[in-house]
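So you can see what is in the structure, the chains are spelled out below.
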Amino acid sequence: MELRSIYWFRNDLRLSDNLSLNKALDNSKYILFLFVDDESNRQHTSWEFMRTDTHRETFIYQGISSLDKALKSYGHSLHVLKGNTVEILNKIVKEHHIDSIFCEEIVASEENEQIKVLKKLNVNIKSIFQSSLFNVKQLPFDIKNMPDVFTKFRKCMDLEKIEPNNPEQLSDNIKNILPINFNSPKITVKKIHRHKGSSFPIYIDNFMGGELNAMENIKKYFQSNLPQSYKDTRNNLIGINFSTKFSPWLALGFISPRQIYAYLKHYELKFLANESTYWIFFELLWRDFFRFIFIKYGDKFFYKSGLGLNPVKINHNAKNLEAWIKGKTSNSFINAGMIELYKTGFLSNRMRQIVASYLVNELSCDWRSGASWFESQLIDYDVYSNYGNWAYIAGCGTDPRGGRHFNIEKQRKIYDPDGIYQQIWNKS
Ligand SMILES: Cc1cc2nc3c(=O)[nH]c(=O)nc-3n(C[C@H](O)[C@H](O)[C@H](O)COP(=O)(O)OP(=O)(O)OC[C@H]3O[C@@H](n4cnc5c(N)ncnc54)[C@H](O)[C@@H]3O)c2cc1C
């Protein structure tokens, strides 16, 4: 048995169905629960804006504050420190004689690098990749043979009729394990500006980050009849109920996709299974697709040419990027989307596609600058889904058609025919 461990929360800010956390609880006598707000979050990116802006930061802090409360009910605390993650962990390991660090595995370059450096210290690092619906080991192929095209991937999964694993309960050892004595600053959560039109209003109690709210919202969703019409409404632009709004809860791991899947199956058994309910699963499969593709291609997702499957010519235009970010392009539909994103930290899937296509195709900007802006703003920022979708639209990811060039006027006519969306955001 490991004696003294750190559980290092990353994008898995929950107690239930957390495989890596259970492993830590079952293999340690003393434990310290830690979250590090890395110094890079407050630094500027190479595109010259803040890496993590107010909405995302606030949503994260709402979530860690809720996690701290949950841990306190078991006699523990969540210790939140700001600074260089590796240096902080190194210091705690030495000063508190830590044997093991347990955490979730994130397969993106910076997160991989942190683990690489930590592995050189005199401490065991035990990480589990646990943010997908399906376990990597369940895939009916070796990850290096992961299909590059989503449809092929989906058909493989359908054919094999593989079911996701059931969610795990929190280990009972949480009641026995002893806290390591440690002092850390009090967690403070910033207040956020209220914006009436927000499709995910994190200034309202129920929408604040955290496991409890995540569970409540998902339960509520599956107690309503919204799943029955999801496929018909999912491309809308305005409001709370047109899509599931699971992504912010999923991105920070306030809930796991396995937990959502369990609710979905229960709904289908009890009420109705139709094309719409299947489509919720279909979209969660997209989420998994980008995760597994990331494992296959790794850092290529951050290259200008992406996966390099198609030739890409980019002549980045910094002025155009600035106009896009500020919602000051010559297109008021695009501006409305960009203002919504900046003011609320959320944007519908359809609007994400439209503004991304505009940046890449009409404004000739490097797709990574757009991905980076989304990273800074989105409360549901997720490295795999964000860079995967951006590369897809820019034609340097996994789109078999070589990228998406949306006809903006056509999209406006379909999705904002009477200009209500533009009115909400351009006048805000
Ligand atoms: C350019 C661009 C960037 C994006 N960046 C992110 C991101 O950083 N984080 C993120 O979670 N999603 C991202 N998406 C995917 C998608 O827009 C959001 O997941 C979705 O809008 C969230 O709202 P929802 O939960 O109501 O989605 P719903 O339509 O209700 O979908 C249900 C769930 O399926 C998953 N899902 C749906 N569409 C996609 C998709 N295209 N790719 C991957 N998963 C999907 C999400 O987990 C979502 O919560 C991006 C899409 C585009 C086009």
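The structure this text deals with has already been given above.
Conventions adopted
Residues numbered from 1 in each chain as written. Predicted model: local features only at pLDDT ≥ 70, side-chain atom pairs only at ≥ 80, totals over all residues. Heavy atoms only, no water. Core = buried A, V, L, I, M, F, W, Y, C linked by side-chain atoms within 4.5 Å. Buried < 20%, exposed > 50% of the residue type's maximum accessible area, 1.4 Å probe, protein only. Helix = DSSP H or I, 4+ residues; strand = E, 2+ residues; numbered from the N terminus. Contact = heavy atoms within 4.5 Å. Axes fitted to C-alpha atoms, helices over the stretch in contact; angles between N-to-C directions. Parallel < 35°, antiparallel > 145°, perpendicular 65-115°, else oblique. Left-handed = near helix turned anticlockwise from the far one by under 90°. Nonpolar A, V, L, I, M, F, W, Y, C, P; charged D, E, K, R; others polar. Near = heavy atom within 4 Å. Polar contact = N/O pair within 3.5 Å; in protein donor to acceptor, adjacent residues only side chain to side chain. Areas by Shrake-Rupley, 256 points an atom, 1.4 Å probe, with all protein chains shown as cover. Domains from an automatic or database assignment.

Before going further, it helps to examine the nonpolar core. Counting residues in hydrophobic clusters, the biggest one holds 115 residues, and the most contacted among them are Phe9, Phe33, Phe153 and Trp324. Among the elements that take part in this core, helix H10 (residues 275-297) stands out by supplying 13 residues, more than any other. Apart from residues no more than four positions distant in its own chain, Trp324 is found in contact with Thr329, Ile334, Met338, Val355, Tyr358, Leu359, Leu363, Gly370, Trp373, Phe374 and Trp390. In terms of nonpolar packing, the next biggest core, distinct from the first, is built from 20 residues, Leu81, Leu118, Val123 and Ile125 among them.

A pair of packed helices can be characterised by two numbers: the angle between their axes and the separation between those axes. For the pair helix H9 (residues 257-270) and H10, interaxial distance at closest approach is 10 Å and the crossing angle is 165 degrees. For the element pair H9 / H10, the angle class is roughly antiparallel. In this structure, H9 crosses over H10, and the sense of that crossing is left-handed. Contacts between H9 and H10 involve Pro257, Ile260, Tyr261, Leu264, Tyr267 and Glu268 on the former and, on the latter, Thr277, Tyr278, Ile280, Phe281, Leu284 and Arg287. For the contact of H9 with H10, the residue count by class is 9 nonpolar, 1 polar and 2 charged.

Surrounding the ligand, one finds 25 residues, the nearest of these being Tyr230, Ser243, Thr244, Lys245 and Asn349. Contacts to the ligand include Asn386, whose side-chain N or O atom sits 3.2 Å from a nitrogen atom. Asn389 has a polar side-chain atom sitting 3.0 Å from a nitrogen atom of the ligand. Alone, the ligand offers 820 Å² of accessible surface; in the complex the protein occludes 97% of this. Per element, the largest residue contribution to the shell around the ligand is 5 residues, and it comes from helix H15 (residues 383-394). Lining the shell around the ligand are residues from two domains, each supplying at least three of them: domain 2 (208-296) and domain 3 (303-426).

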